[in-house]
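# Residue-level structural notes
Here is what each chain is made of, one letter per residue.
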Amino acid sequence: MIQQQLRQLLPEREVNPSAALALLGGSVAAVVVWKWLGKRQIQKKMEEARRTRDEGLKKMAEAVQQFREQVPSAQTDAILSLPLLELSKKLQEGSLSPKTVLYTYLEKALEVTQQTNCLRHFIPECEEQLQEIQRRGEKGLLYGIPVSIKDHIGHKGHLATCGLVQCLGTPMQEDSVLVKVLKRQGAIPFAMTNVPQSLFSYDCSNPIFGQTLNPLNHQKSPGGSSGGEGALIAGGGSILGIGSDVAGSIRLPSSFCGLCGLKPTADRLSLTGMTGPVSGITAIPCALGPMARDVDSLALCMKALLCQEMFRLDPTVPPIPFNEEVYSSSAPLRVGYFDTDGYFPLPPCMRRAVQETREALQAAGHQLVPFSPPRIHYVMKLFMKTFFADGGHAWLDVFTGNIVDPTLKSQVNSCKIPRLGKKLLALILKPLFPRLADYLSSLCGMRSVKEMWNHNHEIQVYRAEFIARWMELQLDVVLCPVLGPAFNPGYAGKLLNAVSSTMLYNFLNFPAGVVPVSTVTEADEEELKLYRGCCNDPWDQTLKQVCDTESGGAETADGCSIVSLKSGAPTCVHQKTPQLFFIYPSQIPFLPSLKNYKSLSFGGLGKHPQAGL
């Protein structure tokens, strides 16, 4: 009945097949052209960003050349060889000028970035800051020290790109609190360093500025997401840098590049003025911290930053200054240790580093106690579920209007699987590959506010369990391995869950640091051939691949981590030998050679709340 009425109302027309095909073809062509124009617009934005970067580097080179003509006698090598404390002393007493030091590091930074592509942008205002500190009557703790900062730490007039095209349009309107405090203490921010796209990677590549390379071995990644900082400092182009860390982003580049790095408690240094692609993940907070070539540099940086200016500009930062007395303490301590977390066994060289350090600490009079972190499989599920609480939609949104970097494609593709598909795959893989199944299950996210509340409660319960075990053993500090040695570019996205050795301390919100220990040996490489991991799944096989020295692994760094329970953690372990000088968590050792480091982790319960970290 209805069909007959419609036929009466609507006139019958014969459809012209040619017209229909033409309309369809035109529509398809319009869509293709529209997508092409969109991609072309993205390409133009990226080309403009690269052109701006290159012009800045050219101006940087011209300024260095002009200085060289004015001061041809500047002792570049001597300045670059000075540790931060000695350099600071010479600047304070006036035997070195801030201008000479700045241009020396500008020249070296240019050389390093030509080899590694570590600089995202030169900060021309560094010359204004140079003049400003010379006009002042007082000299801050970092007077005349050139400092590099990670891409997304706000500096007035400069972009905070996070490696994303959508962030290329709006420069920061003012300095971040941390940059303000650095300047107040006399430091000279001179460069912003490269990061992976979206920051959610421990590689260092984005489609705008490209892949950053490890200065110790150009076939390897410097780590991430503070990879540009790691490469610049390890290459000698910066003496002090500021990175950020939400799953190991300071500690992993420090491990891969043979550096010292510190992740303080999340609220120890102000985050105001720092940007990020996804905001509001408060259950596992981000932290800013220093990266340098030795422990004393980290300590000096923390002393400078934990000042009244920081507390005034950001009242949410606890007004607890650095405690020199605690930092200098050398009392014997009770040190927990482990060489595997039971979730992602690390290569033999990393475990050997823990064993050698344990022996050195025992010889120095410290008491070593076996410690096993509880339920890391469970923690990893909670950690991933926190970041992908919405099924990964917020993270995927940041790639809208962006070209996805090849190093992230495996992660992006995993997130794009429909929720039901993830559930089914997890169910199928569970008997064979339980870690992969748990990973896919975590990517499904949460379906209700109540589930989110329960999830956050589980995090609180685990923290209480971890602290109870720590206190039951009466530990001062924990020694443990960190992921390393350096991976080939592109592999971080295939081994996202390998960050279990670092993510734990973001999850717990404990201070954590990394220190280089020794070098990879031929015996380590022979033992690597027998590596089986714990699950015999694709992740175990991939880890063995990326650590194989046939692809250059022997020329990269390995490291150790240092972790503490409270922001006021004590200096906890001093081992003064020709090669080791451990402290926790405010000091970390540094070895003169930067070739084949292994790194460790320390973690400690802060008995002295005024320690300053």
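Per an unreviewed UniProt entry, the chain goes by Fatty-acid amide hydrolase 1 and derives from Columba livia. Per its UniProt entry, the chain bears the Sequence similarities (unreviewed entry) comment "Belongs to the amidase family."

### Structural notes on the overall build of the chain
From N to C terminus, the chain includes 22 helices and 14 strands. Expressed as a percentage of its 613 residues, the buried residues of the chain come to 58%. Accessible area for the chain stands at about 25200 Å²; split by element, carbon and sulfur atoms hold 55% of it.

### As for the environment of Asn 509
Tracing the backbone through its elements, the reader meets Asn 509 in the loop between helix H20 (500-508) and strand E12 (512-518). C-alpha separation for the pair Asn 509 and Val 246, spaced 263 residues apart in sequence, amounts to 9.7 Å.

### Overview of the nonpolar core
Soluble globular proteins: nonpolar side chains tend toward being buried together. Core analysis: the biggest nonpolar cluster contains 73 residues, and Tyr 202, Trp 395, Phe 487, Met 503 and Phe 507 have the highest contact counts within it. Here the element with the most residues in this core is helix H14 (residues 376-387); it accounts for 7 residues. Both domains that furnish three or more residues to this core are identified here as domain 1 (54-319) and domain 2 (331-548 + 576-590). In this structure, Met 60, Tyr 143, Ala 231 and Ile 242 belong to the second largest nonpolar core, which totals 69 residues.

### Quick notes on the UniProt feature "coiled-coil region" (unreviewed entry) in the chain
Feature annotation in UniProt places "coiled-coil region" (unreviewed entry) on residues 39-66, given in this structure's numbering. Along residues 39-66 one finds 100% helix and 0% strand; the C-alpha atoms at either end are 41 Å apart.

### Details of the packing of aromatic side chains
Using the criterion set out here, one finds 21 aromatic pairs in the structure. Consider the rings of Phe 338 and Phe 371, whose centres lie 6.4 Å apart with planes at 45 degrees: the pair is tilted. Placement of Phe 338 in the loop between strand E9 (334-337) and helix H13 (348-363) and of Phe 371 in the loop between strand E10 (367-370) and H14 is noted, with a sequence separation of 33 residues between them. Of the residues examined, Phe 338 reaches a relative accessible area of 9% and is grouped as buried.

### Observations regarding the packing of helix H18 (residues 434-442) against helix H22 (residues 538-547)
For the pair H18 and H22, interaxial distance at closest approach is 8 Å and the crossing angle is 105 degrees. Accordingly, the angle class assigned to the pair H18 and H22 is roughly perpendicular. Residue-level inspection shows Arg 435, Leu 436 and Tyr 439 of H18 in contact with H22, the latter providing Pro 538, Trp 539 and Asp 540.

### What about the pattern of salt bridges?
Applying the stated criterion across every chain yields a total of 23 salt bridges. A salt bridge links Lys 108 to Glu 111, with the shortest nitrogen-to-oxygen separation between them at 3.1 Å. Highlighted residues: Lys 108 and Glu 111, both in helix H5 (residues 98-116), separated by 3 residues, approximately one helical turn. Judged by relative accessible area, which is 37%, Glu 111 ranks as partly exposed. Between Glu 324 and Lys 303 there is a salt bridge, with its nearest N and O atoms 2.7 Å apart. Here the residue Glu 324 occupies a position in helix H12 (residues 324-327), and Lys 303 occupies one in helix H10 (residues 295-305), the gap between them amounting to 21 residues.

### What about helix H7 (residues 177-184)?
Taken across its 8 residues, H7 has 6 buried, putting it largely inside the fold. Regarding H7, the residues found buried are Val 177, Leu 178, Val 179, Val 181, Leu 182 and Lys 183. One or two steps after H7, the chain reaches Gly 186, where phi turns positive at roughly 90 degrees.

### Digging into unusual backbone geometry
Cis rather than trans, the peptide bond between Gly 224 and Ser 225 has omega equal to 10 degrees. In this structure, Pro 485 follows Gly 484 across a cis peptide bond, with omega equal to -10 degrees. Turning to its location among the elements, Pro 485 is positioned in the loop between strand E11 (477-481) and H20. The phi angle at Asn 117 is positive, at roughly 60 degrees, despite the residue not being glycine. Tracing the backbone through its elements, the reader meets Asn 117 in the loop between H5 and strand E1 (119-122). The phi dihedral of Gln 474 falls on the positive side, at around 55 degrees, and the residue is not glycine. Its place among the elements puts Gln 474 in the loop between helix H19 (449-472) and E11.

### What to know about the environment of Lys 430
Examined against the element boundaries, Lys 430 turns out to sit in the loop between helix H17 (419-429) and H18. For the pair Lys 430 and Ser 441, spaced 11 residues apart in sequence, the C-alpha to C-alpha distance is 9.9 Å. Residues contacting Lys 430, with those up to four places away along its chain left out, are Ala 437 and Asp 438. Looking at Lys 430, its side chain comes within polar contact range of the side chain of Asp 438, at 2.6 Å.

### Considering the state of the cysteines
Applying the stated rule across the entire model yields 0 disulfides. No disulfide involves Cys 118; its sulfur sits 8.9 Å from that of Cys 204, the nearest cysteine. Residue class for Cys 118 comes out buried when judged on its relative accessible area of 0%. When its relative accessible area of 0% is taken as the criterion, Cys 204 is described as buried.

### Notes on the pairing of E9
Two strands pair when backbone bridges link them, and E9 and E10 are joined in this way by 4 bridges, in the parallel orientation. Among the inter-strand pairings, Arg 334 is bridged to a residue of E10, identified as Gln 367. Following the chain from E9 across H13 to the adjacent parallel E10, one finds a crossover that is right-handed. The pairing of E9 with E11 spans 3 bridges and is classified as parallel. Paired with Gly 336 across the bridge in E11 is Val 478.

### Digging into a nonpolar patch on the surface
Taken together, the side chains of Leu 24, Val 28 and Val 32 make up a nonpolar region of the molecular surface, amounting to roughly 280 Å² of accessible area. Its location among the elements puts Val 28 in helix H2 (residues 17-70). Assessed through its relative accessible area of 46%, Val 28 is described here as partly exposed.

### Some thoughts on helix H4 (residues 84-93)
If you check which residues of H4 are buried, you get Leu 84, Leu 87, Ser 88 and Leu 91. Taken end-on, H4 shows its buried residues confined to a sector of 100 degrees, consistent with a single buried face. The secondary structure elements touched by the buried residues of H4 are helix H3 (76-81), H5, strand E6 (240-245) and H10.

### Some details on the side chain of Ser 414
Mapped onto the fold, Ser 414 is located in helix H16 (residues 409-416). The buried category is assigned to Ser 414, whose relative accessible area is 16%. Separated by 2.9 Å, the side chain of Ser 414 and the backbone oxygen of Ser 410 make a polar contact. Apart from the residues within four sequence positions on either side, Ser 414 is in contact with Lys 422, Tyr 439 and Leu 443.

Calculation notes
- Residues numbered from 1 in each chain as written.
- Predicted model: local features only at pLDDT ≥ 70, side-chain atom pairs only at ≥ 80, totals over all residues.
- Heavy atoms only, no water.
- UniProt positions renumbered as here; feature names shortened; annotations may be inferred.
- Helix = DSSP H or I, 4+ residues; strand = E, 2+ residues; numbered from the N terminus.
- Buried < 20%, exposed > 50% of the residue type's maximum accessible area, 1.4 Å probe, protein only.
- Areas by Shrake-Rupley, 256 points an atom, 1.4 Å probe, with all protein chains shown as cover.
- Core = buried A, V, L, I, M, F, W, Y, C linked by side-chain atoms within 4.5 Å.
- Domains from an automatic or database assignment.
- Phe/Tyr/Trp six-rings, centres within 6.5 Å; stacked < 30°, edge-to-face > 60°.
- Axes fitted to C-alpha atoms, helices over the stretch in contact; angles between N-to-C directions.
- Parallel < 35°, antiparallel > 145°, perpendicular 65-115°, else oblique.
- Contact = heavy atoms within 4.5 Å.
- Salt bridge = Lys/Arg side-chain N within 4 Å of Asp/Glu carboxyl O.
- Polar contact = N/O pair within 3.5 Å; in protein donor to acceptor, adjacent residues only side chain to side chain.
- Disulfide = S-S within 2.5 Å.
- Pairing = 2+ DSSP bridges.
- Right-handed = clockwise from strand over helix to strand, strands pointing away.
- Patch = residues over 30% accessible without salt bridge, like charges linked within 9 Å, V, L, I, M, F, W, Y side chains within 5 Å.
- Arc of directions from axis to C-beta.

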